[in-house]
Amino acid sequence: MSNKEPFRMQKQTRSSIKPVGIKPIGGALDELVRSLGIKKKLQEYEAVLQWSSVVGEHVARMSSATTISRGVMYVKVTTSTWRNELSLRKNEIILKLNAVLGEEVVKDIKFQ
């Protein structure tokens, strides 16, 4: 080793260290949600949150999703005219909501 550099340890970065048995946080959370049996409830909650973005700003000013239970979303509407209009568009809204959610979460909508 006369003309060579002395031996140096290669520095490890956090990305190069992969502990055995540790999962990414997203996977761990998905597993926790499944094991607790709350996946469906979280999806239903997300459906209520997505109401205004799916129906648009104008319709959202006249209505608001209040709750969802067993696939039935309840939406409060300001007037009977809007209730009739939204009833006519119910199937379209259900399709859009489920498309945003990635699976069939909303099966029916009741306008109040």
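Our subject is the structure that appears above.
Residues numbered from 1 in each chain as written. Predicted model: local features only at pLDDT ≥ 70, side-chain atom pairs only at ≥ 80, totals over all residues. Heavy atoms only, no water.

(A) How the structure looks around the overall build of the protein chain. A tally of regular secondary structure across the protein chain gives 5 helices and 3 strands. When the helices and strands of the protein chain are placed in sequence order, the string is α-α-α-β-β-α-α-β. Across the 112 residues in the protein chain, those meeting the buried criterion constitute 26%. Taking as baseline every contact in the protein chain between residues at least 6 positions apart, the subset at least 24 positions apart corresponds to 54%. Roughly 8700 Å² of accessible area belongs to the protein chain as shown, and the carbon and sulfur atoms make up 55% of that amount. (Helix = DSSP H or I, 4+ residues; strand = E, 2+ residues; numbered from the N terminus. Buried < 20%, exposed > 50% of the residue type's maximum accessible area, 1.4 Å probe, protein only. Contact = heavy atoms within 4.5 Å. Areas by Shrake-Rupley, 256 points an atom, 1.4 Å probe, with all protein chains shown as cover.)

(B) Local environment of the pattern of salt bridges. A complete count under the given rule lists 4 salt bridges for this structure. Two residues, Lys-90 and Asp-108, come together in a salt bridge whose shortest N-O distance is 3.0 Å. Taken as a pair, Lys-90 in helix α5 (residues 90-101) and Asp-108 in strand β3 (residues 108-111) lie far apart in primary sequence, 18 residues in all. Between Lys-96 and Glu-92 there is a salt bridge, with its nearest N and O atoms 3.3 Å apart. Here the residue Lys-96 and the residue Glu-92 both occupy positions in helix α5, the gap between them amounting to 4 residues, near one helical turn. Under the relative-accessibility criterion, Glu-92 is labelled partly exposed at 38%. Each of Lys-90, Asp-108 and Lys-110 takes part in a single network of salt bridges with overlapping partners. (Salt bridge = Lys/Arg side-chain N within 4 Å of Asp/Glu carboxyl O.)

(C) Inspection of the side chain of Asp-108 at higher detail. For Asp-108, a relative accessible area of 19% corresponds to the buried category. Within the local environment of Asp-108, its side chain forms a polar contact with the side chain of Lys-90, the two groups lying 3.0 Å apart. Here Lys-110 takes part through its side chain, which lies 3.4 Å from a polar atom of the side chain of Asp-108. In this structure, Asp-108 is in contact with Gly-71, Val-72, Met-73, Lys-90 and Ile-94, ignoring residues within four places of it in sequence. (Polar contact = N/O pair within 3.5 Å; in protein donor to acceptor, adjacent residues only side chain to side chain.)

(D) Spatial organisation of a nonpolar patch on the surface. Residues Ile-25, Leu-29, Leu-32, Leu-36, Ile-38 and Leu-42 make up a contiguous nonpolar surface patch of roughly 570 Å² in combined accessible area. Examining the composition of the nonpolar patch, we find that 4 residues originate from one element, helix α1 (residues 25-36), more than from any other. With respect to the helices and strands, the residue Leu-42 is situated in helix α2 (residues 39-55). (Patch = residues over 30% accessible without salt bridge, like charges linked within 9 Å, V, L, I, M, F, W, Y side chains within 5 Å.)

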